[in-house]
Amino acid sequence: MSLSVQRTDRAAPVTVSRRAMLRLGLGAGALFALGACSDAGAGSVGGGGPGTVSWAWQLPTTWDPVTSSAGSDVTMLALAYDALTALDGDGNAVGWLAERWAYNEDGTQVTFTLRPGLKFSDGSPLDATAVAKSIQRGRSAPGSLIAPQIADLKKVAAQGDLDVVIDLNGTNYQYPLLLAGKTGMVVNPAVFEKDAHALATRPAGSGPFTLTSYVDNDHAELRKNQHFHLADQIGITRFLLYPAADPATVVASVASGQYDVAKIPPSGIKAAQASGLEVQVLDSMYVAVLDVNTSKPPFDNPAVVEALKYGIDREAIRKIANFGIGDVDYQPFPEGYVGFNPALKRAFAYDPARARKILADAGLSGKVRSTLSAAAPIPAAVEQIQAQLAEIGIELTIDPVPMSQWTQIVYLHRGKALGYDGFAGRESPVQAFQVLFSSTGLMNPARSGDPELVAQLAKVAATPTDAPSYAATLQEATRIAVTRFPNTFLYEVPSILARRKSLAPLKQHPSLLRWEGVPA
């Protein structure tokens, strides 16, 4: 089953990219590759010329995969780094830096065999020793945000030049999926052993491009990496990356040639089309969510959390704030994904009477007040949620947080009671559960855990991903998480893009952003 992407009645038809997502487990909003890039489109951008692409999307929180604090960073990091594996069109793990892998009989050891002749962007060898050191750093480096995802890794070692042997504390068949994202991105040991802090602004990988200039919060310039193992398939020689443009001016910026392609809000579709731009809506694994910190009042009261879930009219938000774009969702996975549990399709459907009764039965009528934090500028959906919850007796004051401080304040310092954010899916569903629901999960601000979910995820990890029982085992984990944790999932967030007509339609890809085969 494919994701359905709704079109708004308030604008002319848009180009919609659809794809099957039966096995998908991605790591960022919309992941795509340019279909074509003409000289006319590139020559007018930022002093560029033939072979240049200018892309207004976002800049990563850091250029170091180990300390990256946003799931969507993976899209940008993939410009400079390669992972051990990748995902195919159905979300299955396939070879990338590693051309193959093999598990032992009980699934407690996996050996990845590298392609011969690999090099980092500086020309130094990318061999098994380098890979082992890079994985070990992810496991043990101070401040590593990927360490919890490989907590069961007992030992990693090189065996010759090409074989990387990973020993695990228990059976885990998720590693080929897990290593297709940030966790599997290989960082040059020659750099991090000398000055790991330098990686924040100077990535050291083997990806299709090399960062040549970076101004924090402003732009990044990258050039083609001649040592990339598929360099003959990279036609783009210069890549300009910018943060997301101001929603009020983004359409004009693309129309004027400042950018070749940019992300726009749903409200910008009609203006983009009127300006002669092409508009596409691309499926994504991104789901809007309210992050609930149950260590802070009033959400330390289960009745308030339950009422919150039933008090939000997700369909109304989709129609009004989102201009009809995206689908309502009550769980972290979109319909069509292997982890989507059909029994939860309307798990917390809008029921304001039920929500009010829950609060009344708990003696809380008219007594619930808190704040609703959101990254500035405040999305229209936040004000709609505020109004809906006021109708059931939960009074929220909107609390703007600077985008640059969001992760630090909300997730690392766990300083807010309720936050509006989005979850970008992960390559491995078990990794997604770790981020959202584990006691070490970054997007679990209360850092609460659940023994039953831990036990069920152990069953998921112990089940080969091609086994007939895999889907049902994973979907049971979804049921436990959604019904026991406070996270309040709202709706899917497709990516809406405006592009100049000199560019061909952008192609949806189920794995990391790939630029192979893109003509310049």
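Predicted model only: the values in this text are computed from it and were never measured.

## Some thoughts on the pairing of strand 9 (residues 163-168)
Counting buried positions along strand 9 yields five of six residues, so the element is predominantly enclosed. Sheet topology places strand 7 (residues 109-114) next to strand 9; five bridges connect them, and they run antiparallel. Pairing of Phe112 across the sheet is with Val164, part of strand 9. Across six bridges, the pairing between strand 8 (residues 153-159) and strand 9 is antiparallel. Paired with Gln159 across the bridge in strand 9 is Asp163. The turn linking strand 8 back onto strand 9 is made up of three residues, and Gly160 within it adopts a positive phi angle of 80°.

## Quick word on the pairing of strand 7
Across the six residues of strand 7, five count as buried, placing the element largely inside the fold. In the sheet, strand 6 (residues 98-103) pairs with strand 7 via five bridges, with the strands oriented antiparallel. Bridge pairing links Ala102 to Thr111 in strand 7. Hairpin connection between strand 6 and strand 7: a loop of five residues separates the two successive antiparallel strands, and Gly107 in this loop has a positive phi of roughly 75°.

## A short note on the packing of aromatic side chains
Under the defined criterion, the tally for this structure stands at 13 aromatic pairs. An angle of 90° between the planes, with centres 5.7 Å apart, marks the rings of Trp55 and Phe239 as edge-to-face. Placement of the pair is Trp55 in strand 3 (residues 52-56) and Phe239 in strand 12 (residues 238-242), with a sequence separation of 184 residues. Here Trp55 matches Phe239 in class, with each residue buried. With a centroid separation of 5.4 Å and 65° between ring planes, the pair formed by Tyr310 and Phe348 is classed as edge-to-face. Here Tyr310, found in helix 8 (residues 302-310), pairs with Phe348, found in the loop between helix 9 (314-320) and helix 10 (352-361); they are 38 residues apart in sequence, far enough to count as distant. One exposure class covers both Tyr310 and Phe348, and it is buried.

## Here we look at unusual backbone geometry
Of the consecutive residues Pro297 and Pro298, the connecting peptide bond is found in the cis state with omega at 0°. Mapping Pro298 onto the fold places it in the loop between strand 15 (286-292) and helix 8. Going from Ala376 to Pro377, the amide bond is cis rather than trans, its omega being 0°. With respect to the helices and strands, Pro377 occurs in the loop between strand 16 (368-375) and helix 11 (380-392). Backbone geometry at Phe323 places phi at a positive 55°, although glycine is not the residue there. Tracing the backbone through its elements, the reader meets Phe323 in the loop between helix 9 and helix 10. Taking relative accessible area as the criterion, Phe323 reaches 23% and is therefore assigned partly exposed.

## Structural notes on helix 8
Every α-helix carries 3.6 residues per turn, so stepping three or four residues along brings you back to the same face. Counting buried positions along helix 8 yields seven of nine residues, so the element is predominantly enclosed. Buried within helix 8 we find Ala303, Val304, Val305, Ala307, Leu308, Lys309 and Tyr310. Where helix 8 starts, the residue carrying a side-chain oxygen 2.9 Å from the main-chain nitrogen of Ala303 turns out to be Asn301.

## Some details on the packing of helix 8 against helix 10
What describes two packed helices is the angle between their axes and the distance between those same axes. At a minimum axis distance of 8 Å, the contact between helix 8 and helix 10 shows a crossing angle of 170°. When the axes of helix 8 and helix 10 are compared, the pair comes out roughly antiparallel. Residues Ala303, Val304, Glu306, Ala307 and Tyr310 of helix 8 form the contact with helix 10, whose own contacting residues are Pro352, Arg354, Ala355, Ile358 and Leu359. Within the contact of helix 8 with helix 10, the residues separate by chemical class into eight nonpolar, no polar and two charged.

## A word on the sheet that holds strand 8
Taking strand neighbours across the sheet as the criterion, the four strands line up as 6-7-9-8 in an open arrangement whose pairing is antiparallel. The open sheet is flanked by strand 6 and strand 8, the only strands paired with a single partner. Within this sheet the neighbouring strands show an average axis-to-axis angle of 20°, counted without direction. Of the strands in this sheet, strand 7, strand 8 and strand 9 touch helix 3 (residues 128-140), which is tilted by about 165° from strand 8.

## A look at the environment of Tyr411
Position of Tyr411 among the secondary structure elements: in helix 12 (residues 406-412). Judged by relative accessible area, Tyr411 falls into the buried class, the value being 3%. Along the sequence, Tyr411 and Asn444 sit 33 residues apart, while their C-alpha atoms lie 7.5 Å from each other. Those residues within four positions of Tyr411 in sequence are excluded, and the remaining contacts are Asp291, Trp406, Asp421, Leu442, Met443 and Arg447. Side chain to side chain, Tyr411 and Asp291 meet in a polar contact 2.3 Å long.

## Describing the side chain of Ser68
The topology assignment puts Ser68 in the loop between strand 3 and helix 2 (73-77). There is a polar contact of 2.7 Å between the side chain of Ser68 and the side chain of Asp73. With sequence-adjacent residues up to four places away left out, Ser68 is seen in contact with Thr61, Thr62, Asp73, Leu77, Leu145 and Lys182.

## Notes on empty space enclosed by the protein
Summed over all chains, the structure comprises five cavities of 30 Å³ or more. Estimated volume of the largest cavity: approximately 60 Å³. Taken together, Pro65, Val66, Ser134, Ile135, Gly138, Ile146, Ile150, Lys182, Thr183, Met185 and Val187 make up the full set of residues lining the largest cavity. Partitioned by chemical class, the residues of the lining of the largest cavity number seven nonpolar, three polar and one charged.

## What about the pattern of salt bridges?
For the coordinates displayed, the defined rule picks out 13 salt bridges. Across the pair Glu193 and Lys133 runs a salt bridge, and its minimum N-O distance is 3.3 Å. Separated by 60 residues along the polypeptide, Glu193 in helix 5 (residues 189-195) and Lys133 in helix 3 bring together distant segments of the chain. Linking Lys416 and Asp399 is a salt bridge whose minimum nitrogen-to-oxygen distance equals 2.9 Å. Of this pair, Lys416 sits in the loop between helix 12 and strand 18 (418-424) while Asp399 sits in strand 17 (residues 394-401), and the two are 17 residues apart along the sequence. Judged by its relative accessible area of 22%, Lys416 falls in the partly exposed class. In the salt-bridge network here, residues are joined through shared partners; they are Asp450, Glu452, Glu476, Arg479 and Arg484.

What counts and what doesn't
- The written sequence of each chain sets the order in which its residues are numbered from 1.
- Reporting of local features is limited, given that this is a predicted model, to residues whose pLDDT is at least 70; pairs of side-chain atoms are given and counted only at 80 or more, and all residues count toward the totals for whole chains, interfaces and linings.
- For side-chain calculations, the full set of non-hydrogen atoms in the structure is used, while hydrogens and water are omitted.
- We call a residue buried when its accessible area falls under 20% of the maximum for its residue type, exposed when it is over 50%, and partly exposed in between, using a 1.4 Å probe and counting protein chains only.
- Helix and strand assignments come from DSSP, with helices taken as H or I runs of at least 4 residues and strands as E runs of at least 2, each series counted from the N terminus.
- Pairing between strands is defined by DSSP: at least two bridges between the two strands are required.
- Here a Phe, Tyr or Trp ring, Trp counted by its six-membered ring, pairs with any other such ring whose centre lies within 6.5 Å, and the pair is stacked when the planes are under 30 degrees apart, edge-to-face when over 60, and tilted otherwise.
- N or O atoms closer than or at 3.5 Å make up a polar contact, with two conditions inside protein: a donor-capable atom paired with an acceptor-capable one, and, for residues adjacent in sequence, both atoms drawn from side chains.
- To get an axis, a line is fitted to the C-alpha atoms, and for a helix only the part in contact is used. The angle between two axes follows their N-to-C directions and goes from 0 to 180 degrees.
- An angle below 35 degrees is treated as roughly parallel, one above 145 as roughly antiparallel, one from 65 to 115 as roughly perpendicular, and anything else as oblique.
- In what follows, residue pairs with any heavy atoms lying within 4.5 Å of each other are defined as contacts.
- Gly is put with the polar residues, along with every residue not named as nonpolar or charged; the nonpolar set is Ala, Val, Leu, Ile, Met, Phe, Trp, Tyr, Cys and Pro, and the charged set is Asp, Glu, Lys and Arg.
- Residues are called lining when one of their atoms sits within 4 Å of a cavity or pocket point, these points coming from a 1 Å grid over the protein atoms alone, where a cavity is a set in which a 1.4 Å probe fits but cannot get out and a pocket is an open set with protein on both sides within 12 Å along at least five of seven lines.
- Grid points are joined across faces, edges and corners, and a volume is the space filled by probe spheres set on the points.
- Between Lys or Arg on one side and Asp or Glu on the other, a salt bridge is scored when a side-chain nitrogen of the former is within 4 Å of a carboxyl oxygen of the latter.

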